[in-house]
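Structural overview
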Amino acid sequence: MPVPWFLLSLALGRSPVVLSLERLVGPQDVARCSPGLSCHLWDGDMICLPGSIVSTPGPVLVPTRLQTELVLRCYQETDCDLCVRVAVHLAVHGEHVTYDCPCECVWDAHEDPESVRQHGATPAPGPEQPPACPLLTASLQAQVVLSFQAYPTARCVLLEVQVPATLVQPGQSVGSVVFDCFEAALGSEVRIWSYTQPRYQKELNLTQQLPDCRRLEVRDSIQSCWALPWLNVSADGDDVRLVLDVSEEQDFGLSLYWNQVPGPSKALWHRNLTGPQTITLNHTDLLPCLCIQVWPLKPDSTRTSICPFREASRAYQNLWLVARLQLLPPRGWRLDAPCSVPATATLCWQAPGRGACQPLVPPLLQENVTVNKVLEFPLLRGHPNLCVQVSNWEKLQLQECLWADSLGPLKNDMLLVEIRGPHDNRSLCALEPSGCTPLPSKGSTRAARLGEQLLRDVQLGQCLQLWDDDLGALWACPMDKWWLRLLKDIHAGAEPAARSRAALLLYSADDAGFERLVGALASALCQLPLRVAVDLWSRRELNALGPLAWFHAQRRQTLQEGGTVVLLFSPGAVALCCEWMQDGTSAPGVRGPHDAFTASLSCVLPDFLQGRAPGRYVGAYFDTLLHPDAVPPLFRTVPVFSLPSQLPDFIGTLQGPGSTRSGRLAERAEQVSRALQPALDSCFRPPAGPGDSRDGTRVGT
């Protein structure tokens, strides 16, 4: 039996307080303002275009606070809709400006002539004598925009407000303008923005959850409350059930949608149904912005909405599983997610095999991130070791090295931070796990030993400049040429560097997430060290040679050097192998210019069928993505490893016998496992629409 999770009506309310609402008669929108102000509502709705913030030419009117009140808009005694009244409080912003009268003495209509005389004004000056006029403050006028969104409604209205000169005092409130009113669905979440045209500051915004029929004293006046379906949400194992208690005669519409900010809501699923109904959702479909809307199938019926998972911890876990960081060349990037979520982003530097990613305060200060909005890196160029960290409530949620796919694995480069001061003074330090080591410096760290050489590399232009502005610069300096020098400086007893063996990774590009996982594995193996070949890093060569010629060249070189060919099994790879073996004559057609896996089958499978595979090949698959029994029996003539659970044995096989002590091998396996985990987490599929049969979602009675 399902366990009750929470009970709610189709317009979820937080409080049992019953509201009694004012009634407005008629469909007309109106505007009114505080005493002393004059206001006018422009006819018809407008297009909302906030524009950029401009500087103030003097004192201007700006919105300072939004206030809402619920009312009823009634067409007849028992035919009313819920409506949102909005009050915009205004204040004077900017410096005080006065005006002198050059020719004749004038004063504001509200000013007493006697007070003008007290300031020394002459009502009728002669032509030879300049007038002595008082300084008068001008009245102010503003165009105030109100933008309103409540799925599926969006409106934008323009209010013109005028403030007399007597009320114009910088920094002081002048009153408010009230708009009646925006109609909205019961239980819906509404968002309101306000700004002026032109815009002098960041727009005000307000979000409000509207009440449902249970909290409205006048529900008998709202016809959509008369036959409102009631909703029971319950958990049944990994499923969530939405049970609608609707009479068998009642027809209604049901819609699931993502309530996104910014931008319009995204409809996921819509059905016209007859009650009662039970809708089953997979728990992975739950997101904080997943909302439900229902309405009777009658003309002009009011739609009622809820977003019941807004505070569910499982919904936020799902959100971060499907969120993605995307690189948009040349320097753009974006956080893709179905829901708006408060988050901050920083750049960090990930040294290969050397612990946590180290934050870089310059060039990207920690800043709030707007979901699904293109942002720009203030960088001159990218680097594989530059990564982006996204945090939510000070907890790290995402970290991706966005340039790794296009520029290859992490490099053994040293990051130098240049700090510039006054009078052309500058200093450099090298970013290391222990901190930023000043150059030159006396010490035992890598940077301290090579301080003078690194400074010389910067001067000779042998370091890559990643960022440059008035505050400083970032330089990535290659360290490979200094390894021999470092090895000579290491005291006796240090473990010698392991001999690097070759490994060729073959995989089926099932999707972008699996390709990221393969790239993470290849990058981690490079740090063991192994010399890894993978088609992800050879796209230009693949295009020039073709996938089959590229594979033959890489296989020949890998085996001649005593290396190993690794077959990474995934659902797509298994399907291709089975297709080839069922046909028995030729491999499946190559699916694209970079499809090295399909091209390799014409050579790999004969090696296994003719017994040439042992000692040359190994297999591997990822624990959470493929069941062990799915690997075809033909390939079990060579070791097949489950990753990351069997990483020590996998790494030991690739590096060869006697390459590393067991303790060191376990440490390296742990390094690879940590590197794989974020990519493994991201391989969980995003939630599909509840009407999609592949996710097991059902609709029935």
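Residues numbered from 1 in each chain as written. Predicted model: local features only at pLDDT ≥ 70, side-chain atom pairs only at ≥ 80, totals over all residues. Heavy atoms only, no water.

A short note on the overall build of the chain
Using the following cut-off: Only DSSP runs of H or I reaching four residues or more are called helices, and only runs of E reaching two or more are called strands; each is numbered from the N terminus. Each residue is assigned to one of three classes by its accessible area relative to the maximum for its type, calculated with a 1.4 Å probe on protein chains only: buried under 20%, partly exposed between the two thresholds, exposed over 50%. Accessible areas in this description were obtained via Shrake-Rupley with a 1.4 Å probe; residue shielding takes into account the shown protein chains only.
Across its full length, the chain carries 13 helices and 37 strands. Taking all 701 residues of the chain together, the buried fraction comes to 49%. If you sum the accessible surface of the chain, you get close to 34100 Å²; carbon and sulfur atoms cover 52% of it.

Side note on helix 7 (residues 512–526)
Residue pairs spaced three or four apart in an α-helix point in one direction, given the helix's 3.6 residues per turn. To be explicit about the condition: Helix span is expected to be 1.5 Å times the residue number reduced by one. Any pair of N or O atoms that falls within 3.5 Å is considered a polar contact. Within protein, one atom must be able to donate a hydrogen and the other to accept it, and sequence-neighbouring residues count only if both atoms are side-chain atoms.
Taking 1.5 Å of rise per residue, 15 residues should cover 21 Å, and helix 7 covers 21 Å from first to last C-alpha, within 8% of that figure. Residues of helix 7 that are buried: G513, F514, L517, V518, G519, A520, L521, A522, S523, A524, L525 and C526. The N-cap of helix 7, judged by a side-chain oxygen 3.1 Å from the amide nitrogen of G513 a few residues on, is D511.

What about the pattern of salt bridges?
So the rule is basically this: Each reported salt bridge corresponds to a side-chain nitrogen of Lys or Arg within 4 Å of a carboxyl oxygen of Asp or Glu.
Under the defined criterion, the tally for this structure stands at 17 salt bridges. A salt bridge links R85 to D180, with the nearest nitrogen and oxygen atoms 2.5 Å apart. With R85 in strand 6 (residues 79–93) and D180 in strand 9 (residues 173–183), the pair connects residues that are 95 residues apart, well separated along the chain. For the pair R85 and D180, one class covers both residues: buried. The salt bridge partner of E561 is R531, with a shortest N-O separation of 2.9 Å. In this pair, E561 sits in the loop between helix 9 (547–560) and strand 34 (564–569) while R531 sits in strand 33 (residues 530–533), placing the two residues 30 residues apart along the sequence. On the accessibility criterion, E561 (33% relative accessible area) is partly exposed. Take R531: its relative accessible area is 40%, and that puts it in the partly exposed class. The structure contains a network of salt bridges with shared partners spanning E22, R32, E69, R85 and D180.

A closer look at the pairing of strand 20 (residues 332–336)
Spelled out, the test is: Two strands form a pair only when DSSP identifies at least two bridges running between them.
Pairing of strand 19 (residues 324–328) with strand 20, which is carried by five bridges, proceeds in the antiparallel orientation. Paired with Q326 across the bridge in strand 20 is R334. The hairpin formed by strand 19 and strand 20 contains three residues between the paired strands. Relative to strand 24 (residues 375–376), strand 20 runs antiparallel, the two sharing two bridges. Bridge pairing in strand 24 places W333 opposite L375.

Notes on the packing of aromatic side chains
Spelled out, the test is: Aromatic rings from Phe, Tyr and Trp, with only the six-membered ring used for Trp, were paired whenever their centres fell within 6.5 Å, and each pair was classed as stacked if the ring planes differed by under 30 degrees, edge-to-face if by over 60, and tilted otherwise.
A complete count under the given rule lists seven aromatic pairs for this structure. Each ring, one from F148 and one from F182, has its centre 4.6 Å from the other, and the planes form 10°; the classification is stacked. In this pair, F148 is assigned in strand 7 (residues 140–150) and F182 in strand 9, connecting sequence segments 34 residues apart. The class for F148 is buried, based on a relative accessible area of 0%. Where F641 meets F650, the ring centres are 5.7 Å apart and the plane angle is 65°; that geometry is what we call edge-to-face. Residue F641 shares its accessibility class with F650, and that shared class is buried. Taken together, the aromatic side chains of F569, F608, Y617 and F635 make up a single cluster linked through ring pairs.

What to know about the side chain of S642
The cut-off we apply is this: Should any heavy atoms of two residues lie within 4.5 Å, those residues are considered in contact.
In this fold, S642 is placed in strand 36 (residues 640–643). Discounting residues that sit within four places of it in the chain, S642 has contacts with Y621, D623 and L647.

Let's talk about the sheet that holds strand 36
Stated formally: Every angle, taken between N-to-C directions, lies between 0 and 180 degrees, and every axis is a line fitted to C-alpha atoms, over only the stretch in contact when it is a helix.
Across the sheet, which stays open at both edges, the five strands sit in the order 33-32-34-35-36 with parallel pairing between neighbours. This sheet does not close on itself; its edge strands, each paired only once, are strand 33 and strand 36. Across the sheet, the axes of successive neighbouring strands diverge by a mean angle of 30°, strand direction being ignored. By the bridge criterion, four bridges tie strand 35 (residues 617–622) to strand 36 in an arrangement that is parallel. Residue pairing in the sheet places A620 in a bridge with F641 of strand 36. Lying on the sheet, helix 7 is in contact with strand 32 (501–506), strand 33, strand 34, strand 35 and strand 36; it crosses strand 33 at an angle near 155°. Against the sheet, helix 12 (residues 647–655) makes contact with strand 32, strand 33, strand 34, strand 35 and strand 36, and its axis sits at roughly 130° relative to strand 36, the strand it touches most.

Some details on the nonpolar core
We apply this condition: Throughout this description, the term nonpolar core refers to a set of buried Ala, Val, Leu, Ile, Met, Phe, Trp, Tyr and Cys residues connected via side-chain atoms within 4.5 Å.
L254, W333, W349, V388 and V390 are the most contacted members of the largest nonpolar core, which has 55 residues in total. Sort the elements by how many residues they give to this core and strand 14 (residues 251–258) lands first, with four residues. In this structure, L37, V161, F182 and L210 belong to the second largest nonpolar core, which totals 38 residues.

Here's the deal with the sheet that holds strand 10 (residues 189–196)
Taken in spatial order, the five strands line up as 4-8-7-10-11 in an open sheet, and their pairing is antiparallel. Each of the sheet's edge strands pairs with one partner strand only, and the pair in question is strand 4 (38–41) and strand 11 (204–209). Between one strand axis and the next, the sheet turns by 20° as a mean value, whatever way the strands run. Relative to strand 8 (residues 153–163), strand 4 is paired through four bridges, and the arrangement is antiparallel.

Section: the side chain of N385
Assignment of secondary structure puts N385 in the loop between strand 24 and strand 25 (386–392). There is a polar contact of 2.8 Å between the side chain of N385 and the backbone nitrogen of K411. In this structure N385 touches C348, W349, Q350, A351, P352, L410 and K411, once residues within four positions along its chain are discounted.

So, the state of the cysteines
One way to say it: the disulfide is the covalent bond shared by the sulfur atoms of two cysteines. Which entries qualify depends on this criterion: When the sulfur atoms of two cysteines come within 2.5 Å, that pair is taken as a disulfide.
Per the stated rule, a full pass over the model turns up nine disulfides. Here C289 connects covalently by a disulfide to C339, the sulfurs 1.9 Å from one another. Taking the sign of the S-S torsion, -70° for the link of C289 and C339, the bridge is left-handed. Of this pair, C289 sits in the loop between strand 16 (277–282) and strand 17 (290–296) while C339 sits in the loop between strand 20 and strand 21 (344–349), and the two are 50 residues apart along the sequence. Taken as a pair, C289 and C339 share a single burial class, namely buried. Between C577, a cysteine without a disulfide, and C578, which holds the nearest cysteine sulfur, the sulfur-to-sulfur distance is 6.9 Å.

Section: the environment of L647
Counting through the fold element by element, L647 comes out in helix 12. In the structure, L647 is positioned 22 residues away from A669 in sequence and 5.5 Å away in space, judged by C-alpha atoms. Among residues more than four places away in sequence, those in contact with L647 are S642, A669, V672, S673 and L676.

Section: the confidence of the model for the chain
Basically, it comes down to this: pLDDT measures the predictor's confidence residue by residue and takes values from 0 up to 100.
Chain-level statistics for the chain give a pLDDT mean of 77 and a share of 76% at 70 or above. By mean pLDDT, the top-scoring element of the chain is strand 34 (94), and the lowest-scoring one is strand 1 (residues 3–9) (30). In the model, residues 1–18 has pLDDT below 50 throughout and makes 58 contacts with residues more than four positions away in sequence or in other chains. For the stretch residues 98–136, pLDDT sits under 50, and the model shows 40 contacts to residues farther than four places along the chain or on other chains.

Examining helix 5 (residues 451–459)
The complete set of buried residues in helix 5 reads G451, Q453, L454, L455, D457 and V458. Where helix 5 terminates, the next one or two residues include G461, which has phi positive at roughly 75°.

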